[in-house]
Amino acid sequence: MKLSVILLAPLVLATAVPKQERKITYDGYKAFRISTEHDAAAVKEKLAGLSVVPFNFNTEEHLDIAIAPEDITAFEALNLTAEVMHEDLGADIAKHETFSAYEGVTAQAIPSLTWFNSYHAYADHMQFFNDLQGAFTQNSEIFTVGNSGQGRSIFGIHLWGSGGKGSKPAVYFHGTVHAREWITAKVVEYITYNLLVQYSNNTAVKTVLDSYDFYIIPFVNPDGFVYTQTTNRLWRKNRQTRTSSSCVGTDMNRNWPYKWEVTGGASTDPCDETYKGQAAGDTTEIKALVAFTQTLKNSKGIKLFIDWHSYGQYILTPWGYDCSLKPANHARQASLASGLATRIAQSYGTRFTTGQACAALYATTGDSTDYLTGAALAEFAWTIELRPTGSSGGGFVLPAAQILASAIEQWEGMKYLLAAM
Ligand SMILES: [Zn+2]
């Protein structure tokens, strides 16, 4: 099936972006989980001067990092307590992150589940969504919330049930805000797929889709995602340039205009992985997402928002910006999150930790779930950090062989949550 004009046009624009940088292979990079002994600052000080790619931030317990080949000897001489996550990051990427080309479907056929056996290029993801929508034109449509900084469409799919389009409160998903978290798009795609395919033959799924309008955006940071495939697999931020710095990119999940100004949960350094931007909501993508989010709030309201991330296996409830505050419905949120973790574990025994974001993981300001809770009045706005835990290996490089299982356990979890909430 052909791509619609609305999706194809930005793709053409995007290919006009100048200057192709050399691809970083990560061959010979070694990744470690370092125990911080509750003093992450001291560990970071020891790492200063080494060529390090950080995987996580501000955590009390451990720092996960990749180290360039030339600095591995110097790192080992520091004698930190650490376990190996990747002996050779580049080799693991090549071995486990298998790619396939997407064949597409004949008119109005449902795409094959083989889609979930490997990773895919951005253009293939766009086509997959168009094909899926094309098979269910009665209760779905492709929408766009605007364009990214480099002109790519921030597209999504809207699903509805028997009440008709736009008649019910919103269930709203974001994937791939952090560009390197590839598994998130696959998981939201699997959930979308099953909502549509099972609507006609599964009573529980029919009830869910008859109760909510779903708005699912698999790539809220398309520029970053494309960059992870062309140039740097471990890129996290968007690709926005600023005149004030030669460093590129803002962490979109520190840029939302709610409690953005609170200190301690983001960086003011444009070169940092958690750079918050110069002003609240000053990224092209967040501007578009804020406007779209407000339209959902002002129509039927938002029942559930999930920002899908990896990795660490967490279900995180608000708040991110303050570790002592609890939302008014905290007890209900905690109970549902715990029920969700239980249901996820029933498929393959995968354990997810639940808790309030700030306390369970680390403080974050300007994050999506705080905005959705505080400024868009979503009843539940959560972050889910997918597989793996990190200590079991994998990090952002989740083997393609685990895509389907990751997706199935989340789909089982979502069926519980959507019925129970
Ligand atoms: Zn993330």
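For the protein, the name recorded in an unreviewed UniProt entry is Peptidase M14 domain-containing protein, with Lasiosphaeris hirsuta as its organism. As recorded by UniProt, the Subcellular location (unreviewed entry) comment attached to the protein reads in full: "Secreted".

The next subject is helix H2 (residues 40–47). Listed in full, the buried residues belonging to H2 are Ala 40, Val 43 and Leu 47. Buried residues of H2, seen end-on, are gathered within an arc of 65° and therefore sit on one face of the element. Pointing more than 90 degrees away from the buried face of H2 are the exposed residues Ala 41 and Glu 45. Buried residues along H2 sit against strand S1 (30–35), strand S2 (52–54), strand S3 (62–67) and helix H3 (72–77).

Time to look at the pattern of salt bridges. Within the structure shown, the criterion is met by 14 salt bridges. One salt bridge connects Glu 21 with Arg 239, and the closest N-O pair in it is separated by 3.4 Å. One end of the pair, Glu 21, is in the loop between helix H1 (5–15) and S1; the other, Arg 239, is in the loop between helix H8 (222–230) and helix H9 (284–299), and 218 residues separate them in sequence. In this structure, Arg 233 engages Glu 97 in a salt bridge whose closest nitrogen and oxygen atoms are separated by 2.7 Å. Of the two residues, Arg 233 is situated in the loop between H8 and H9 and Glu 97 in the loop between helix H4 (89–96) and helix H5 (122–135); the sequence distance between them amounts to 136 residues.

To continue, consider the sheet that holds strand S4 (residues 82–86). With antiparallel pairing, the 4 strands of this open sheet are ordered in space as S2-S3-S1-S4. A single partner strand is all that each edge strand has here, and the edge strands are S2 and S4. The sheet shows a mean angle of 30° between the axes of neighbouring strands, direction not considered. Judged from the 6 bridges that link them, S1 and S3 form a sheet pairing that is antiparallel. Within S3, the position partnered with Lys 30 by the bridge is Ile 67. Lying over the sheet, H2 contacts S1, S2 and S3, oriented at roughly 15° with respect to S3.

Our next topic: the domain arrangement of the protein. Domains assigned within the protein are domain 1 (30–87) and domain 2 (113–228 + 278–420). Taking only C-alpha atoms, the centre of domain 1 and the centre of domain 2 are 30 Å apart. Every contact between the two is made by 11 residues of domain 1 and, on the other side, 12 residues of domain 2. Both faces combined, the contact of domain 1 with domain 2 buries some 870 Å², and carbon together with sulfur accounts for 47% of it. Between the two partners, domain 1 and domain 2, sit 0 salt bridges. Scanning the region where domain 1 abuts domain 2 turns up 4 residue pairs in polar contact (both at pLDDT 80 or more). Among the elements of the structure, S2 and S4 are those that each provide at least two residues to the side of domain 1 that touches domain 2. Here the side of domain 1 that touches domain 2 gets 3 residues from one element, more than from any other, and that element is S4.

Once that is clear, we can look at the UniProt feature "active site" (unreviewed entry) in the protein. The UniProt feature table records "active site" (unreviewed entry) at Glu 385. Relative to the helices and strands, Glu 385 resides in strand S12 (residues 380–386). A distance of 3.3 Å separates a polar side-chain atom of Glu 385 from the backbone nitrogen of Tyr 311.

Moving on, we get to the pairing of S3. Burial analysis of S3 places 6 of its 6 residues in the buried class, which makes it a mostly covered element. By the alternation rule, side chains of S3 split into His 62, Asp 64 and Ala 66 and Leu 63, Ile 65 and Ile 67, which are all buried. Alignment of S2 against S3, held across 3 bridges, turns out to be antiparallel. From the neighbouring strand, Val 53 faces S3, where its bridge partner is Ala 66.

Looking now at the confidence of the model for the protein. When pLDDT is averaged along the protein, the result is 93, and 94% of the positions lie at 70 or above. For the stretch residues 1–18, pLDDT sits under 50, and the model shows 32 contacts to residues farther than four places along the chain or on other chains.

The next subject is unusual backbone geometry. With glycine set apart, most residues show a phi of negative sign, and most peptide bonds adopt trans. The linkage connecting Pro 318 with the following residue, Trp 319, adopts the cis geometry, with an omega of 5°. Structurally, Trp 319 can be placed in the loop between strand S10 (314–317) and helix H10 (330–348). With an omega of -10°, the peptide bond running from Arg 387 to Pro 388 counts as cis. The residue Glu 37 is not glycine, and still its phi comes out positive at about 50°. Among the secondary structure elements, Glu 37 is positioned in the loop between S1 and H2.

Coordination of the zinc ion by the protein is provided by His 178 (ND1), Glu 181 (OE), Glu 181 (OE) and His 309 (ND1), with metal-donor distances spanning 2.1 to 2.4 Å. Coordination at the zinc ion comes from 4 donor atoms whose angles at the metal span 57 to 147°, giving a geometry best classed as irregular. Donor residues for the zinc ion sit on one chain with the sequence pattern H-x2-E-x127-H. A relative accessible area of 3% places His 178 in the buried class. Taking relative accessible area as the criterion, Glu 181 reaches 3% and is therefore assigned buried.

Calculation notes
- Residues numbered from 1 in each chain as written.
- Predicted model: local features only at pLDDT ≥ 70, side-chain atom pairs only at ≥ 80, totals over all residues.
- Heavy atoms only, no water.
- UniProt positions renumbered as here; feature names shortened; annotations may be inferred.
- Buried < 20%, exposed > 50% of the residue type's maximum accessible area, 1.4 Å probe, protein only.
- Helix = DSSP H or I, 4+ residues; strand = E, 2+ residues; numbered from the N terminus.
- Arc of directions from axis to C-beta.
- Contact = heavy atoms within 4.5 Å.
- Salt bridge = Lys/Arg side-chain N within 4 Å of Asp/Glu carboxyl O.
- Pairing = 2+ DSSP bridges.
- Axes fitted to C-alpha atoms, helices over the stretch in contact; angles between N-to-C directions.
- Domains from an automatic or database assignment.
- Buried area = accessible area lost by both parts, 1.4 Å probe.
- Polar contact = N/O pair within 3.5 Å; in protein donor to acceptor, adjacent residues only side chain to side chain.
- pLDDT = per-residue confidence, 0-100.
- Donors = N, O, S within 2.8 Å, 3.2 Å for Na, K, Ca; no water.
- Tetrahedral: all angles 85-135°; square planar, octahedral: opposite > 155°, others 65-115°.

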